[in-house]
Amino acid sequence: MLISSIQLSEFINRCIRFQFDLYKKSHSNIKSFKEDYRNTNDYKECMSGIIEIVKTDILPAFLRINDNFENMNPDNFLVYGFSYDFNDAIIAEIARLEKAILVTDDRDYANHLDGLNIATNNRVLLMFQSKH
């Protein structure tokens, strides 16, 4: 199993944003992630936990790879379909370059299926993948 820095960034950011959403539900005075939440004890405790998960559970289980941005074809990652997420586009291109199978349920990858091998249970991706 392979992991790039951008995938790790996506994981960490998604985890802490999930915690932020939970925290906001019980703290009506918290509006801004950067200005309000990052100074709380909850943020500090959650981020410490997330980092510990990365150190003990994720990094030992994956082979860390470079993204090889200099070898990427801009025609593959600068593609606008029904939506655009730069990180998804780069992750798709990394999977292509590594000849890896991308495991995802994110339907945004439907924009980047050309030459991409995906393992998914997402019906939208499965429908579009059969056309490529």
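How each quantity is defined
In this convention, every chain numbers its residues from 1, walking through the sequence in written order. Given that this is a predicted model, residues contribute local features only at a pLDDT of at least 70 and side-chain atom pairs are listed and counted only at 80 or more, while totals for whole chains, interfaces and linings are drawn from all residues. Here the side-chain values reflect all heavy atoms present in the structure, with hydrogen atoms and water set aside. Strands are runs of DSSP state E lasting at least two residues, helices are runs of H or I lasting at least four, and both sets are numbered from the N terminus onward. Between the first and last residue of a helix there are one fewer steps than residues, each counted as 1.5 Å, and that sum is the expected span. Buried, partly exposed and exposed residues are distinguished by accessible area as a fraction of the type maximum, computed with a 1.4 Å probe on protein chains only: under 20%, between the cut-offs, and over 50%, respectively. Contacts are residue-level and defined by heavy atoms, with any inter-residue pair within 4.5 Å sufficient. Think of a polar contact as two N or O atoms within 3.5 Å of one another; within protein, one of them needs to be a possible hydrogen donor and the other a possible acceptor, and neighboring residues in sequence only count if both atoms come from side chains. Aromatic rings from Phe, Tyr and Trp, with only the six-membered ring used for Trp, were paired whenever their centres fell within 6.5 Å, and each pair was classed as stacked if the ring planes differed by under 30 degrees, edge-to-face if by over 60, and tilted otherwise. We count a charge as sitting over a ring when the NZ of a lysine or the CZ of an arginine lies within 6 Å of the ring centre and within 35 degrees of the ring normal.

Focus on helix α5 (residues 86-98)
And step 1. With 13 residues, α5 should reach 18 Å at 1.5 Å per residue; the first-to-last C-alpha distance of 18 Å fits that figure.
And step 2. Taken together, the buried positions of α5 are occupied by Asp88, Ala89, Ile90, Ile91, Ala92, Glu93, Ile94, Ala95 and Arg96.
And step 3. For α5, the secondary structure elements touched by its buried residues are α1 (5-26), α4 (74-77) and β3 (101-103).
And step 4. N-capping of α5 is provided by Asp85, with a side-chain oxygen placed 2.9 Å from the backbone N of Asn87.
And step 5. Count one or two residues on from α5 and you reach Lys99, which has phi positive near 55°.

Remarks on the packing of aromatic side chains
And step 1. Taken as a whole and judged by the stated rule, the model has eight aromatic pairs.
And step 2. Seen in terms of ring centroids, Phe33 and Tyr43 are 6.1 Å apart; in terms of plane orientation they differ by 75°. Their pairing is edge-to-face. With Phe33 in helix α2 (residues 33-37) and Tyr43 in helix α3 (residues 41-58), this residue pair connects regions lying 10 residues apart in the sequence. Across the pair, exposure class does not vary: Phe33 and Tyr43 are buried alike.
And step 3. An aromatic cluster of three or more residues is present, and its members are Phe20, Tyr23, Phe33, Tyr37 and Tyr43.
And step 4. Here the guanidinium or amino end of Arg17 rests over the ring plane of Phe33, the centre of that ring lying 3.8 Å away.

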